[in-house]
Number of protein chains: 2
Amino acid sequence: MSQLELLEEHVVFGGTQYKYRHDSTVLGCLMTFSLFLPNKETFSNPPLFWWLSGLTCTDDNFTHKAGAQKAAARLGVAMIMPDTSPRGEEIADSEDWDLGQGAGFYLNATEKPWAPHYQMYDYITKELSAIAHDHFQLNGPEFISGHSMGGHGALVIGLRNADRFRSISAFAPIVNPIEVPWGVKAFTEYLGDDQETWKEWDATELLKHHAGKEIPVLIDQGDADSFYEKQLQPSKIATVADEKDYPLTVRMQKGHDHSYYTIATFIEEHLEFHLSQLKNSQ
Amino acid sequence: MSQLELLEEHVVFGGTQYKYRHDSTVLGCLMTFSLFLPNKETFSNPPLFWWLSGLTCTDDNFTHKAGAQKAAARLGVAMIMPDTSPRGEEIADSEDWDLGQGAGFYLNATEKPWAPHYQMYDYITKELSAIAHDHFQLNGPEFISGHSMGGHGALVIGLRNADRFRSISAFAPIVNPIEVPWGVKAFTEYLGDDQETWKEWDATELLKHHAGKEIPVLIDQGDADSFYEKQLQPSKIATVADEKDYPLTVRMQKGHDHSYYTIATFIEEHLEFHLSQLKNSQ
């Protein structure tokens, strides 16, 4: 297991917010991640909430701006926030803000120059998971959530690992990347021209063919989000869910935009949604 | 009154978070400030909470990181967040992080090159106040608070305007700047060598001689704050308050540091403190 370097440690709401750096074997570079642990005396074996951030973000955005620690401390939930791509001068990058560093799309790239470093799916589901489980003894139930590109990541990782995650939520997710500009651009670069391979990384396609455990999904989408119509379109996955009678809810949030203010407003409800599913399944 | 340019507008917790830019007459430069308004239908004449940030900050730090909008929306409090100094290429600056831009210390500088631009006291108590009152019709009761250098600003502005502000609070404030390195450095630069003039901008000195209305003061200080012993020392103002039987409370917060995580943890209690004083005085 990678050695962890503690970069920050802050008491907050009776819990502790950490930031760590480690040398990732899967990604071949130094990576940071953030971790919130609720009060250890009160909550000895907390469930683990995975948060995947959007384009241009690091592990800091949600940690600094969502205000989620308050609800997580009260509810007794641990939260882990990965970065959004491999990083560093030796790692392939693009001048575009929606490709390369800060835009890993939570998949395993097969095409150069992105392969072999851009393997965010394996990094999260294997390497960082092993750190959470082995180093921090976070062996309770797990939930996954994210924003925009990270909402896509949460849906894809959650649906592909429905035996592991108990529920999925997302804010303004890219639900059908193979049909929208952000996704087509990234998938062409990372996965190449064979669009059949893209479907493994598309939540709407995965849901169409999903035959595993039906883990519930909650999506919040602001109706004042400037990316709503062109890049997001949650009705695409909602239609598939309806056809399959899959437990997926899309809530349109009036006046809300694509910013962290929307996440801050509803993150407590997302944590409560995940915990309520846990109670239902016990 | 300055014309205001709206830079950002976000729905959050049923209220609205704004960011504006305007050409400040007092400071002679373009300035930004942030403003949160609770739901207008529910709260038609909200009290106004002033937040003054610390060294290196802008109006964004508290706005993005404190999570205060949730409590302010629930309690029906408007919040205004000024920047911490004049800004721009034509404005005097220093290579030091604790002097010049980002470090205005909420006073009116008399010495060059800082005069005539560095007049943050007048900017806040006159120009930005006029904008709050006239442009946004925020004519309810007012409270003032801040962090570190901004805690110093809140104490000084509050005590010098005790007929206007109903209560003061602060997180890890510089309470006695004329006796600590940050304050001595800044006051020497901004106010010159005559240390008698410094006392007008020192909360502990102001409290010693305070003969006006006794507005209550709440201070939170983390005991794991790396600036606590050298720069902050809240016991200095607490001793003066004790001697005068002035209503000032210092709470030591175990394990808490100088970061915004401490502010996030206790900001709701600060807002409730201010509102409770309002009820007491009605």
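Fair warning: this is a prediction, and the values are worked out from it, not measured in the lab.

Engineer: How should the nonpolar core be read in this particular structure?
Structural biologist: Generally speaking, soluble globular proteins have nonpolar side chains that are buried together. Membership of the largest hydrophobic core comes to 70 residues, with the highest contact counts inside it found for Phe33(B), Trp50(B), Phe105(B), Phe187(B), Tyr190(B) and Leu248(B). Among the elements that line this core, the one with the most residues is helix α3 (residues 120-135) of chain B, at seven residues. Apart from the residues within four sequence positions on either side, Leu248(B) is in contact with Leu207(B), Val217(B), Ile219(B), Ile237(B), Ala238(B) and Ala241(B). In terms of nonpolar packing, the next biggest core, distinct from the first, is built from 69 residues, Tyr20(A), Tyr121(A), Ile131(A) and Ala186(A) among them.

Engineer: Would you mind showing me how to read the pairing of strand β2 (residues 15-24) of chain B here?
Structural biologist: If a strand is regular, its side chains alternate between the two faces of the sheet. Residues and elements named next belong to chain B. In terms of residue burial, β2 counts as a mostly covered element, since eight of its ten residues are buried. Here strand β1 (residues 4-12) runs beside β2; their pairing, made up of eight bridges, is antiparallel. Along β2, the bridge assignment pairs His 10 with Gln 17. Following β1, the chain reverses through two residues before pairing antiparallel with β2; Phe 13 in that reversal takes a positive phi of roughly 50 degrees. Sheet topology places β2 next to strand β3 (residues 29-37); nine bridges connect them, and they run antiparallel.

Engineer: What am I meant to see in the relation of the copies chain B and chain A here?
Structural biologist: Both copies of the chain are related through a single rotation about an axis accompanied by a shift along the same axis. Mapping chain B onto chain A is achieved by rotating through 180 degrees and translating by 0.0 Å along the same axis, at an RMSD of 0.0 Å. Seen this way, the second copy is the image of the first under a two-fold rotation axis.

Engineer: Any chance you could explain the sheet that holds strand β9 (residues 248-253) of chain A here in plain terms?
Structural biologist: Strand pairing within a sheet occurs via backbone hydrogen bonds; the two strands may be parallel or antiparallel. Residues and elements named next belong to chain A. Strand order in this open sheet of nine strands is β1-β2-β3-β5-β4-β6-β7-β8-β9, and the pairing throughout is mixed. Each edge of the open sheet is held by one strand with a lone partner, namely β1 (4-12) and β9. For this sheet, the mean inter-axis angle between neighbouring strands, taken without regard to orientation, is 15 degrees. With five bridges connecting them, strand β4 (residues 48-52) and strand β6 (residues 142-147) associate as parallel partners. Bridge pairing links Trp 51 to Ser 145 in β6.

Engineer: Is there a simple way to think about the interface of chain B and chain A in this case?
Structural biologist: One widely used convention gives an interface's size as the accessible area the parts lose upon coming together. Taken together, the contact pairs 20 residues of chain B with 20 residues of chain A. Counting across the chain B and chain A interface gives two salt bridges. For the salt bridge of Glu268(B) with Lys70(A), the shortest nitrogen-to-oxygen distance reads 2.2 Å. Put simply, chain B and chain A have eight residue pairs in polar contact (both at pLDDT 80 or more) between them.

Engineer: Mind showing me how you'd approach the side chain of Ser85(B) here?
Structural biologist: Residue and element names in this part refer to chain B. Along the chain, Ser 85 turns up in the loop between β5 (78-82) and α3. For Ser 85, a relative accessible area of 0% translates into the label buried. There is a polar contact of 2.7 Å between the side chain of Ser 85 and the backbone nitrogen of Gly 102. Those residues in contact with Ser 85 that lie beyond four places of it in its chain are Met 31, Gly 100, Gln 101, Gly 102, Ala 103, Gly 104, Tyr 118 and Met 120.

Engineer: When you look at the pattern of salt bridges in this model, what are you seeing that I'm missing?
Structural biologist: A side chain with one charge can pair with a side chain of the opposite charge if their charged atoms come near. All names here are of chain A. For the structure shown, the criterion picks out 30 salt bridges over all chains. The shortest N-O distance in the salt bridge between Asp 96 and Lys 185 comes to 2.8 Å. With a gap of 89 residues between them, Asp 96 in the loop between β5 (78-82) and α3 (120-135) and Lys 185 in helix α5 (residues 181-191) connect regions that are remote in the sequence. The exposure class assigned to Asp 96 is partly exposed, which follows from its relative accessible area of 36%.

Engineer: What is the right way to look at the UniProt feature "active site" (unreviewed entry) in chain A in this model?
Structural biologist: All names here are of chain A. Mapped onto the present numbering, the UniProt feature "active site" (unreviewed entry) falls on Ser 148, Asp 225 and His 258. The named residues occupy 111 residues along the chain; their greatest pairwise C-alpha distance, 10.8 Å, places them in one compact cluster. Within the element layout of this structure, Asp 225 appears in the loop between β8 (217-222) and α8 (228-232). Once you skip the residues sitting within four places of it in the chain, Asp 225 turns out to touch Ala 172, Leu 232, His 256, Asp 257 and His 258. Reaching out from Asp 225, the side chain makes a polar contact with the backbone nitrogen of Phe 227 at a distance of 2.8 Å. By the secondary structure assignment, His 258 is in the loop between β9 and α10 (260-281). Those residues in contact with His 258, other than ones at most four positions away along the chain, are His 147, Ser 148, Ala 172, Asp 225, Phe 227 and Leu 232. For His 258, the side chain forms a polar contact with the side chain of Ser 148, separated by 2.9 Å.

Calculation rules
- Residues numbered from 1 in each chain as written.
- Chains lettered and ligands numbered in written order.
- Predicted model: local features only at pLDDT ≥ 70, side-chain atom pairs only at ≥ 80, totals over all residues.
- Heavy atoms only, no water.
- Core = buried A, V, L, I, M, F, W, Y, C linked by side-chain atoms within 4.5 Å.
- Buried < 20%, exposed > 50% of the residue type's maximum accessible area, 1.4 Å probe, protein only.
- Helix = DSSP H or I, 4+ residues; strand = E, 2+ residues; numbered from the N terminus.
- Contact = heavy atoms within 4.5 Å.
- Pairing = 2+ DSSP bridges.
- Least-squares fit on C-alpha atoms with pLDDT ≥ 70 in both.
- Axes fitted to C-alpha atoms, helices over the stretch in contact; angles between N-to-C directions.
- Salt bridge = Lys/Arg side-chain N within 4 Å of Asp/Glu carboxyl O.
- Polar contact = N/O pair within 3.5 Å; in protein donor to acceptor, adjacent residues only side chain to side chain.
- UniProt positions renumbered as here; feature names shortened; annotations may be inferred.

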